[in-house]
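If you want the building blocks of each chain, they are given just below.
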Amino acid sequence: MTTELWTLALFCRVDDTLRMEKHPQAVLYPSEITTLALLYAIKGRGQRAFYRWLVQNLGHLFPQLPERTRLFRLFRTHRFWAEHFLAKATTLGVIDSYGIEFIHPWREGRTPNQIGKKGLSNHRWIVGGKLCLLLNQWGLVVDWDLGTANEHDTVFQPLIARWKEKMIVLADGNFHARAGDPPNLKLCARGEWNVRMLVETVLSMLTVCWQFKRMPHREWDYFEMHLAFALAAFNLLAAWEGLQPDENGFIPLSIAQLTL
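In this text, all values refer to a predicted model and were calculated from it rather than measured experimentally. (Residues numbered from 1 in each chain as written. Predicted model: local features only at pLDDT ≥ 70, side-chain atom pairs only at ≥ 80, totals over all residues. Heavy atoms only, no water.)

A word on the overall build of the protein chain. What the protein chain contains, in helices and strands, is seven helices and six strands. Shown N-terminal to C-terminal, the secondary structure of the protein chain runs as helices and strands in the order α-α-α-α-β-β-β-β-α-β-β-α-α. Its C-alpha atoms give the protein chain a radius of gyration of 19 Å, near enough to 18 Å, the size a compact globule of 260 residues would have. On the principal axes, the C-alpha backbone points of the protein chain span a range of 55 × 55 × 30 Å. Across the 260 residues that make up the protein chain, the buried fraction comes to 49%. If you sum the accessible surface of the protein chain, you get close to 13800 Å²; carbon and sulfur atoms cover 50% of it. One way to put it: in the protein chain the 29 positive side-chain charges average out to a point 8 Å from where the 25 negative ones average out. (Helix = DSSP H or I, 4+ residues; strand = E, 2+ residues; numbered from the N terminus. Rg over C-alpha atoms; globule rule 2.2 N^0.38 Å. Buried < 20%, exposed > 50% of the residue type's maximum accessible area, 1.4 Å probe, protein only. Areas by Shrake-Rupley, 256 points an atom, 1.4 Å probe, with all protein chains shown as cover. Lys, Arg positive; Asp, Glu negative; His and termini not counted. Charge placed at Lys NZ, Arg CZ, Asp CG, Glu CD.)

What follows is the structure in structure tokens.
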């Protein structure tokens, strides 16, 4: 499938999900804006590189394409449209955090506009943010939150408590707080509940396919926008052909074959 045909297929799926009308003064339809934002997240490149690629390869599909900075302001303004693509909750879920680096630790504090904080991620220091993912039993993103890299995982307990009526959430010991845990949080010691490896699989795919480990954002709103549309894109691509179990009842997840 060519990039053009694949983009059209993505647009059709987005339009079927959103079903939103265009504002009379708007140039692009909501489905067009969302499709472009998903392409940006899937491409996994900087804003300038993505815009050059978009104009050269898909410019004829979007004849009303605005200038680069205006386009990304549209992404930032409408980042909440990505919530339409979050998955449904299941009885069992899993949660984990993931550090994202903005700058090298040696460059910390060189600018007063630094948005990231210094913290540990995978046993190394980074300066950046932290993403917390809540997945259902199929590995799709149900909800998420973000903070700076220096924050402890316990700050994401409200995310767990938000689903106390619908989900039992498996987590590691870093989510345990002295003041008490949400009633639906189940702490798992190392080597227990191998289903928790599902979140490691998802994070590995995001890292390898979309260069998720490092993002050169300088404003927090654009960082949040990038995460919102990236997680929406992951849910779309992971369930592109339906979640079909194999002969052992296992549902494999893959997005590599649909990555640009």
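So, next bit.
Viewed as axis vectors pointing N to C, helix 2 (residues 30-43) and helix 3 (residues 47-58) meet at an angle of 120°, and their least axial separation amounts to 10 Å. Crossing handedness for the pair helix 2 and helix 3: right-handed. Along the contact surface, helix 2 presents Leu36, Leu39, Tyr40 and Lys43, while helix 3 presents Gln47, Phe50, Trp53, Leu54 and Leu58. Of the residues in the contact of helix 2 with helix 3, the class split is seven nonpolar, one polar and one charged. (Axes fitted to C-alpha atoms, helices over the stretch in contact; angles between N-to-C directions. Left-handed = near helix turned anticlockwise from the far one by under 90°. Contact = heavy atoms within 4.5 Å. Nonpolar A, V, L, I, M, F, W, Y, C, P; charged D, E, K, R; others polar.)

Let us look at the packing of helix 2 against helix 4 (residues 68-77). Two numbers describe how helix 2 lies on helix 4: the axes approach to 10 Å, and their chain directions differ by 100°. One way to sum up the angle between helix 2 and helix 4 is to call them roughly perpendicular. Residues Ile33, Leu36, Ala37 and Tyr40 of helix 2 lie in contact with helix 4, whose contacting residues are Leu71, Phe72, Leu74 and Phe75. Its residues assigned to classes, the contact of helix 2 with helix 4 shows eight nonpolar, no polar and no charged. (Parallel < 35°, antiparallel > 145°, perpendicular 65-115°, else oblique.)

This next bit is on a positive patch on the surface. A cluster of basic residues, Arg107, Arg110, Arg214 and Arg218, forms a positive patch at the surface. One can find arginine 107 in the loop between strand 1 (92-103) and strand 2 (117-121). (Patch = residues over 30% accessible without salt bridge, like charges linked within 9 Å, V, L, I, M, F, W, Y side chains within 5 Å. Salt bridge = Lys/Arg side-chain N within 4 Å of Asp/Glu carboxyl O.)

Here the focus is the environment of histidine 226. Its place among the elements puts histidine 226 in helix 7 (residues 220-238). The spatial distance from the C-alpha of histidine 226 to the C-alpha of isoleucine 42 is 9.9 Å, given a sequence separation of 184 residues. Setting aside its immediate chain neighbours within four residues, histidine 226 contacts Tyr40, Ala41, Met215 and His217. A polar side-chain atom of histidine 226 sits 2.9 Å from a polar atom in the side chain of histidine 217. (Polar contact = N/O pair within 3.5 Å; in protein donor to acceptor, adjacent residues only side chain to side chain.)

Judged by side-chain polarity, Met1, Leu5 and Leu8 come together as a nonpolar surface patch covering roughly 340 Å² of accessible area. Structurally, leucine 5 can be placed in helix 1 (residues 3-18).

Let us now look at the side chain of threonine 7. Take threonine 7: it is sitting in helix 1. Non-local contacts of threonine 7, meaning those with residues more than four positions away in its chain, are made with Thr35, Leu39, Leu58, Leu61 and Phe62.

Now for the pattern of salt bridges. What the rule picks out here adds up to four salt bridges. As a salt-bridge pair, arginine 124 and glutamate 101 come within 3.6 Å of each other at their nearest N and O atoms. Within this pair, whereas arginine 124 is found in strand 3 (residues 124-136), its partner glutamate 101 is found in strand 1, the two being separated by 23 residues in sequence. Judged by its relative accessible area of 39%, arginine 124 is partly exposed. Given a relative accessible area of 9%, glutamate 101 falls into the buried group. Its salt-bridge partner being arginine 162, residue aspartate 143 comes within 2.9 Å of it at the nearest N-O pair. In this pair, aspartate 143 is assigned in strand 4 (residues 141-148) and arginine 162 in the loop between helix 5 (157-161) and strand 5 (168-171), connecting sequence segments 19 residues apart. Among the residues examined, aspartate 143 registers a relative accessible area of 11% and is labelled buried.

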